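Working through the structure, step by step
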Amino acid sequence: MQVPAPFEYERATSVDQAVDLLERLGDEARLVAGGHSLLPMMKLRLANLEYLIDIGDLRDELGYIRIGVDEVRIGALTRHRELLESDDLAEFFPIVRDAERVIADPTVRNRGTIGGSLCQADPSEDLSAVCTTVDARCVIRGTGGERVVTMEEFHRGPYETAVEHGEMLTEIRIPIRPGGSSAYEKVERRAGDWAVVSAGAAVWLEHGKIVDARVGLAAVGPNTTGIPAISQRLRGAEPSDAAYAEAGEIAADSCSPTEDGRGSVLYKKHLAAELTARALRRAVARAQDAASGE
C-alpha cells in the first residue's frame, strides 16, 4: 500500500491563521482542502512535504457564490457540486455547469474545490480553461494584504501559479457583461476522465454581431488557455459557421498537444478545431436566446 512520507499536520481556523502558518512554516508547507489532487501525489512520493495545513474548516469564509451587479465572486473553497447546482451562476455563465457536468465523479465533485483545481494548474484541468474563457480574476492573500491577477498571470506554466510563499488563493471574480453567454465542449475516453481535448467559448453580441469573444483550451499544451488571435478574428463578425470554423483552425494552429494514450497530435488538433467551433456555435445560440427572452 502506498503511503505518504511523514509530515506535521496543522488545522487552520481562519484565513489569517492559514496565511500566518504558511509564512512561518516556509516552502515545505502546503494547504489542503478536498485533497483529491495533493494526497495522491503525496502517496506516490511526488510531493514530499514537512507540513500540511488543513483549511477544510474555512468554508464559512471561503465557500460561497455571490452574484453582484457587475461581477460574480466565488470563494476558493466552493465545491464542484455547488458550482454545478447553482442556477444563479448558470444563468450568467452556463459554461461552468457545462464543465462541472463532465468533471470527475460525484465523490470528487462533493469534496473537490475550485481553488484546489486552479492551484493544481494541470494543463488538462477543466476549470482553468473555463476561468480564462470568462476572463476571471484571482484574488491572492498574503500577510501583506491582497492582490488581484488575471488568469494569464495566475498560470505561469504547468503546475506553477502566481501564488507565492506565504500566500493563498481566496477568491475568483468573474465580470458580468451584457449580451454575453458561454459554452464548454469536452471529449473524454470515459465519463469523468481527464479531457482528450476540451474547449470553452464566451461571446458577447450587440445588434446581432459579435463584439467580443474568448476561447480557452485544455489538454493540448501548456499555453492554450487563452487565444487572442481568435478574439481578434471574431470581433465585429457576423455569427456564422464559416467564422466558427476559421476560429477552430486558429485554435488548432495555436495548440501544441503531445501524442499519448488518448490520441495522436493530428487527432487532438482536429478536436481542438471542432470543439472550438461547437462551443462558439452553442455560446452564440445561448446569447441570441437570452436576447430574445427565450
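In case you missed it, the structure is sitting above this.
Presented here is a report on the structure given in the accompanying data block. (Residues numbered from 1 in each chain as written. Predicted model: local features only at pLDDT ≥ 70, side-chain atom pairs only at ≥ 80, totals over all residues. Heavy atoms only, no water.)

**Concerning the pattern of salt bridges**
Quick reminder of the rule: Salt bridges are defined as contacts in which a side-chain nitrogen from Lys or Arg sits within 4 Å of a carboxyl oxygen from Asp or Glu. Strands here mean DSSP runs of E at least two residues long; helices mean DSSP runs of H or I at least four residues long; both are numbered from the N terminus. The classification of residues rests on relative accessible area computed with a 1.4 Å probe and restricted to protein chains. Under 20% of the type maximum is buried, over 50% is exposed, and intermediate values are partly exposed.
Under the defined criterion, the tally for this structure stands at 26 salt bridges. One salt bridge in this structure joins D126 and K186, with 3.1 Å as the shortest N-O distance. Residue D126 is found in helix α9 (residues 126-133), and its partner K186 is found in strand β11 (residues 180-188); the two are separated by 60 residues along the sequence. Considered together, D126 and K186 belong to a single accessibility category, that of buried residues. Of the charged contacts, one joins K268 and D260 as a salt bridge, the two residues approaching to 2.9 Å between their closest N and O atoms.

**Here's the deal with the side chain of D54**
As a reminder of what qualifies: Polar contact criterion, stated in full: a pair of N or O atoms within 3.5 Å, where within protein one must be able to donate a hydrogen and the other to accept it, and residues adjacent in sequence count only if both atoms are side-chain atoms. By definition, residues are in contact when any of their heavy atoms lie within 4.5 Å.
Relative to the helices and strands, D54 resides in strand β3 (residues 51-54). Separated by 2.6 Å, the side chains of D54 and Y9 make a polar contact. If we skip the residues at most four places from it in the chain, D54 touches Y9, E10, R11, A12 and V32.

**Thoughts on α9**
Residues spaced three or four apart along an α-helix face the same direction, because each turn holds 3.6 residues. Among the eight residues of α9, eight are classified as buried, and the element is accordingly described as predominantly covered. Where α9 begins, the side chain of E125 points an oxygen toward the backbone nitrogen of L127, at a separation of 2.8 Å. Of the residues trailing α9, D135 is marked for its positive phi of about 60°.

**A closer look at the sheet that holds strand β10 (residues 167-175)**
Where strands meet in a sheet, backbone hydrogen bonds hold them as pairs that are either parallel or antiparallel. Defined as follows: Should DSSP find at least two bridges between two strands, the strands are regarded as paired. Only the stretch in contact is used when a helix axis is fitted, and all axes are lines through C-alpha atoms; the angle between N-to-C directions ranges over 0 to 180 degrees.
Read from one edge to the other, the open sheet built from five strands follows the order β4-β5-β10-β6-β7, with strand pairing classed as antiparallel. Among the strands making up the open sheet, the edge pair consists of β4 (65-67) and β7 (145-150). Neighbour-to-neighbour, the strand axes of the sheet open up by a mean angle of 25°, direction not taken into account. Of the strand pairs in this sheet, strand β5 (residues 71-75) and β10 are connected by five bridges, and their pairing is antiparallel. Counterpart to I74 in the pairing with β10 is I172. Where helix α1 (residues 15-25) meets the sheet, it contacts β6 (137-142) and β10, and its direction lies at approximately 130° from that of β10.

**Here's the deal with the packing of aromatic side chains**
How we decide: Ring pairs shown here join Phe, Tyr and Trp side chains whose ring centres sit within 6.5 Å, with only the six-membered ring taken for Trp; geometry is labelled stacked below 30 degrees between planes, edge-to-face above 60, and tilted in between. Sitting over a ring, as applied to charges here, requires NZ of Lys or CZ of Arg to be within 6 Å of the ring centre and within 35 degrees of the ring normal.
One pass over the structure, following the stated rule, counts zero aromatic pairs. The ring of Y64 has R66 lying over it, and the distance from NZ or CZ to the ring centre is 3.7 Å. The cationic tip of R177 hangs over the ring face of W204; the distance from NZ or CZ to the ring centre is 4.0 Å.

**What to know about the environment of D105**
As for its position among the elements, D105 is in the loop between α6 (94-100) and α7 (106-111). Put simply, D105 and R214 are 109 residues apart on the chain and 28 Å apart in space, counted from C-alpha to C-alpha.

**Observations concerning the packing of helix α12 (residues 241-254) against helix α13 (residues 265-292)**
When two helices pack together, you describe them by how their axes are tilted relative to each other and by the distance separating the axes. So the rule is basically this: Roughly parallel refers to an angle under 35 degrees, roughly antiparallel to one over 145, roughly perpendicular to one between 65 and 115, and oblique to any angle outside these ranges. What makes a crossing left-handed is the near helix being turned counterclockwise from the far one by less than a right angle; a clockwise turn instead makes it right-handed.
Interaxial distance between α12 and α13 falls to 7 Å at its minimum, and their mutual angle equals 140°. Comparing the axis directions of α12 and α13 gives the class oblique. Of the two possible hands of crossing, α12 and α13 adopt the one that is right-handed. Facing D241, Y244, A245, A247, G248, E249, A251, A252 and D253 of α12, the residues of α13 in contact are K269, A272, A273, T276, A277, L280, R281 and V284.

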